[in-house]
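Single-letter residue listing:
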Amino acid sequence: MPHIVILGGGFAGLTVTRRLERRLRHNAAVQLTLISRQNYMAFTPLLAEVAGNSIEPRHAVPPLRGFLHRARFHEGTVQQIDLAARQVVVAHSDGGQAHIPYDELVIALGAVTNYHRTPGAADYSFDLKSLDDAIRLRNHVLATLELADVTPDPAERAALLTVLAAGGGYAGVEGLGLLLDFVRRALPFYPSIQPHEPRFILASHSPRLLEQVDERLGRYVVRALQARGVEVRLGVSVAEVSADAATLNPGGTVPTRTVLWAAGIAVTPLLRESGLPTTEHGAVQVAPTLQVVGHPELFALGDCAAVPKAGGATYAPTAQNATAEARLVADNLAALLAGRPLRPFRYRPLGSLAAIGSYEAVAQLGWLPLAGLPAWLAWRAVYLLKLPGLSRKLRVALDWLLEALLPTDIVQLPVQPSDDRPSEGAQLRSREHQA
Ligand SMILES: Cc1cc2nc3c(=O)[nH]c(=O)nc-3n(C[C@H](O)[C@H](O)[C@H](O)COP(=O)(O)OP(=O)(O)OC[C@H]3O[C@@H](n4cnc5c(N)ncnc54)[C@H](O)[C@@H]3O)c2cc1C
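### Here's the deal with the pattern of salt bridges
Overall, the coordinates contain 15 salt bridges when judged by the stated rule. Close ionic contact of Glu297 with Arg86 constitutes a salt bridge, the shortest N to O distance being 3.7 Å. With a gap of 211 residues between them, Glu297 in strand 19 (residues 295-300) and Arg86 in the loop between strand 4 (77-82) and strand 5 (87-91) connect regions that are remote in the sequence. A salt bridge links Arg257 to Asp244, with the shortest nitrogen-to-oxygen separation between them at 3.1 Å. Here Arg257 is found in the loop between strand 14 (252-255) and strand 15 (258-261), whereas its partner Asp244 is found in the loop between strand 12 (237-241) and strand 13 (245-249), with 13 residues between them in sequence. Residue Asp244 is classed as partly exposed on the basis of its relative accessible area, which comes to 26%. Overlapping salt bridges, with partners in common, bring together Arg19, Arg23, Asp331 and Arg343 in one network.

### Some details on the layout of surface pockets
Roughly 310 Å³ of volume is contained in the second largest pocket. Among the elements that take part in the lining of the second largest pocket, helix 6 (residues 170-186) stands out by supplying four residues, more than any other. Partitioning the lining of the second largest pocket into residue classes produces six nonpolar, five polar and five charged.

### Focus: the side chain of Arg228
Assignment of secondary structure puts Arg228 in the loop between helix 7 (215-227) and strand 11 (231-234). For Arg228, the contacting residues outside a window of four places in its chain are Gly177, Leu180, Asp181, Arg184, Ile356, Gly357 and Ser358.

### A short note on the sheet that holds strand 13
If you trace the three strands from one edge of the open sheet to the other, you get 12-13-14, paired in antiparallel fashion. Of all strands in the sheet, those with a lone pairing partner are strand 12 and strand 14, marking the two edges. Pairs of neighbouring strands in the sheet enclose a mean axial angle of 30°, with direction left out of account. Bridging between strand 12 and strand 13 involves four bridges; their strand directions are antiparallel. Looking across to strand 13, one finds that Ser237 is bridged to Asn249.

### Here we look at the pairing of strand 23 (residues 368-372)
Looking at chain direction, strand 22 (residues 360-365) and strand 23 are connected through five bridges and run antiparallel. Bridging across to strand 23, Ala363 finds its partner in Leu370. In sequence, strand 22 turns back onto strand 23 through a hairpin of two residues, with Gly366 there showing a positive phi of about 65°.

### So, the domain arrangement of the protein
For the protein, the assigned domains read domain 1 (3-37 + 76-111 + 267-338) and domain 2 (121-265 + 358-434). Computed over C-alpha atoms, the centres of domain 1 and domain 2 are 32 Å apart.

### Quick word on the packing of helix 10 (residues 373-386) against helix 11 (residues 390-405)
With their axes 9 Å apart at the nearest point, helix 10 and helix 11 run at an angle of 150° to one another. Comparing their axes, helix 11 and helix 10 come out roughly antiparallel. Of the two possible hands of crossing, helix 10 and helix 11 adopt the one that is right-handed. Only Lys393, Val396, Ala397 and Trp400 of helix 11 make contact with helix 10, whose side of the interface consists of Trp379, Arg380, Leu384, Leu385 and Lys386.

### Remarks on unusual backbone geometry
Looking along the chain, the bond that leaves Asn249 and enters Pro250 is cis, with omega of -5°. By the secondary structure assignment, Pro250 is in the loop between strand 13 and strand 14. The residue Leu290 is not glycine, and still its phi comes out positive at about 75°. For Leu290, the location among the structural elements is in the loop between strand 17 (284-285) and strand 18 (291-292). A positive phi angle, near 55°, is found at Ser358, a position not held by glycine. Relative to the assigned elements, Ser358 resides in the loop between strand 21 (351-357) and strand 22.

### Looking at helix 9 (residues 319-338)
The end-to-end C-alpha separation of helix 9 is 29 Å, in line with the 28 Å expected for 20 residues at 1.5 Å each. Count one or two residues on from helix 9 and you reach Gly339, which has phi positive near 75°.

### With respect to helix 7
Across its 13 residues, helix 7 extends 18 Å between first and last C-alpha, which sits within 8% of the 18 Å expected from 1.5 Å per residue. The inward-facing, buried residues of helix 7 contact helix 6, strand 10 (199-204), strand 11, strand 21, strand 22 and strand 23. Directly beyond the C-terminal end of helix 7, a positive phi value near 95° is found at Gly229.

### Re the side chain of Ser204
As for its position among the elements, Ser204 is in strand 10. We classify Ser204 as buried; its relative accessible area is 3%. Look past the residues within four positions of Ser204 in its chain and what remains in contact with it is Gly168, Leu209, Arg233, Leu234, Gly235 and Val236.

### Some thoughts on the confidence of the model for the protein
On average, residues of the protein score 93 in pLDDT, and 95% of them reach the 70 mark or higher. The low-confidence segment residues 419-435, where pLDDT is below 50, has 41 contacts with residues more than four positions distant or belonging to other chains.

### Here we look at the sheet that holds strand 5
Strand order in the open sheet formed by three strands is 4-5-6, with antiparallel pairing between adjacent strands. Lying at the two open borders of the sheet, with one neighbouring strand each, are strand 4 and strand 6 (97-101). For this sheet, the mean angle separating the axes of adjacent strands, direction not counted, is 25°. Here strand 4 runs beside strand 5; their pairing, made up of five bridges, is antiparallel. Residue pairing for strand 5: Asp82 is matched across the bridge by Gln87.

### Details of the site of the ligand
Taken together, 27 residues lie around the ligand, and Ala12, Thr44, Val78, Asp303 and Tyr383 are the ones closest in. Between Ser36 and the ligand, the recorded distance is 3.3 Å, taken from a side-chain N or O atom to an oxygen atom. Between an oxygen atom of the ligand and a side-chain N or O atom of Tyr383, the distance comes to 2.7 Å. The protein chains hide 89% of the 990 Å² of surface that the ligand would expose on its own.

Scoring rules and cut-offs
- Residues numbered from 1 in each chain as written.
- Predicted model: local features only at pLDDT ≥ 70, side-chain atom pairs only at ≥ 80, totals over all residues.
- Heavy atoms only, no water.
- Salt bridge = Lys/Arg side-chain N within 4 Å of Asp/Glu carboxyl O.
- Helix = DSSP H or I, 4+ residues; strand = E, 2+ residues; numbered from the N terminus.
- Buried < 20%, exposed > 50% of the residue type's maximum accessible area, 1.4 Å probe, protein only.
- 1 Å grid on protein atoms, 1.4 Å probe; cavity = no way out; pocket = protein on both sides within 12 Å on 5 of 7 lines; lining within 4 Å.
- Points joined across faces, edges and corners; volume = space filled by probe spheres on them.
- Nonpolar A, V, L, I, M, F, W, Y, C, P; charged D, E, K, R; others polar.
- Contact = heavy atoms within 4.5 Å.
- Pairing = 2+ DSSP bridges.
- Axes fitted to C-alpha atoms, helices over the stretch in contact; angles between N-to-C directions.
- Domains from an automatic or database assignment.
- Parallel < 35°, antiparallel > 145°, perpendicular 65-115°, else oblique.
- Left-handed = near helix turned anticlockwise from the far one by under 90°.
- Expected span 1.5 Å × (residues − 1).
- pLDDT = per-residue confidence, 0-100.
- Near = heavy atom within 4 Å.
- Polar contact = N/O pair within 3.5 Å; in protein donor to acceptor, adjacent residues only side chain to side chain.
- Areas by Shrake-Rupley, 256 points an atom, 1.4 Å probe, with all protein chains shown as cover.

Written as structure tokens, this is what we have:
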């Protein structure tokens, strides 16, 4: 019985699996297995909403098993792809291991944070790539407010109340915009903190924000953030992060306890180490059919693959592209099994959207640029529609309604870190220890 194994339950992996279930509905002989580290899919466009307290954390992560009918789900961390033995080595949370054989393999393991070898960034900044990251960031911001409330030293208070985002893409702009909203909504609970005290800085290496949208919209975002009091530093990189400060280049040292690192992605070294052909950035090299170069039985897509465009460039690492690539991978796998020819990937993105907080967003919908409230409404409508599953859609819609009507919730959530990064509490403690 042919066995198709899909690695990664994100935008790409879940879409491939669901579409394969449909494509192969008359072919019961094929076995499907989806392997992923968690039993949910992180719907990344909503992570800033989790960090900014607009929605309940678990509502941003649809459960994978809820979407699978015929495919088997296997929770575990892929440790190795053994190309010679055609098997995948998977580690379980209890330390056990499984060796899973495959006939066809789909690699959709996404990306990891790229710290660009910036000293201190991996240890002292916060990511926004996973549910853990979003919860940790929310908790940390609340912890800094609690500390600022009882800290008489003005310099220490200023550092506690400064949030710096590194990176002018979706995660940096949306993350900072929603954190700003969250802090302002939380301030009534902290009467000793004056509204002018919290400071928000967005540093982008690039001379413009949101390169995915029209340049005019990028300028609109700069003006909108500045109008809300954000210091936007363009053409500025974060050169170092320490326990109490970030060093900007140019710009010098900014005392801060909160650096949101949203300055780029890299591909997990596991793929290169497994002997797959990769680019200099570590992304898997694929043919236009999305088959791995030199391995027709393997497909790679999404953020972990370098998908060629006509003209030599590659498709951007976006959820929209990953989902479109996934549809083609499922179709091509079905064609491969049926002995039919495979199709190349061609896709024109439908548009881009970015929420910047305070009922504002920017959107590029085809040729139509939108900004302000209409774009914000479009943002919410589009992502509500795209969020998999009716129950998650309803929960998120209800969260948004309640957040608009009720005071914000400042309860810190107990977090059990699920990876090897220090927890928010441990980071704060280590900062205090070093201070
Ligand atoms: C904060 C934020 C906001 C974003 N907003 C947008 C947006 O508005 N629009 C847009 O188009 N794009 C957006 N993106 C980009 C988008 O999230 C990615 O392009 C998209 O997730 C890529 O899909 P993927 O399936 O390749 O990877 P992912 O969705 O990251 O999925 C990878 C999966 O593989 C699993 N995995 C990884 N390593 C292992 C392992 N070793 N073993 C087992 N499982 C593993 C992960 O747990 C995950 O489930 C945003 C990204 C971020 C971080």
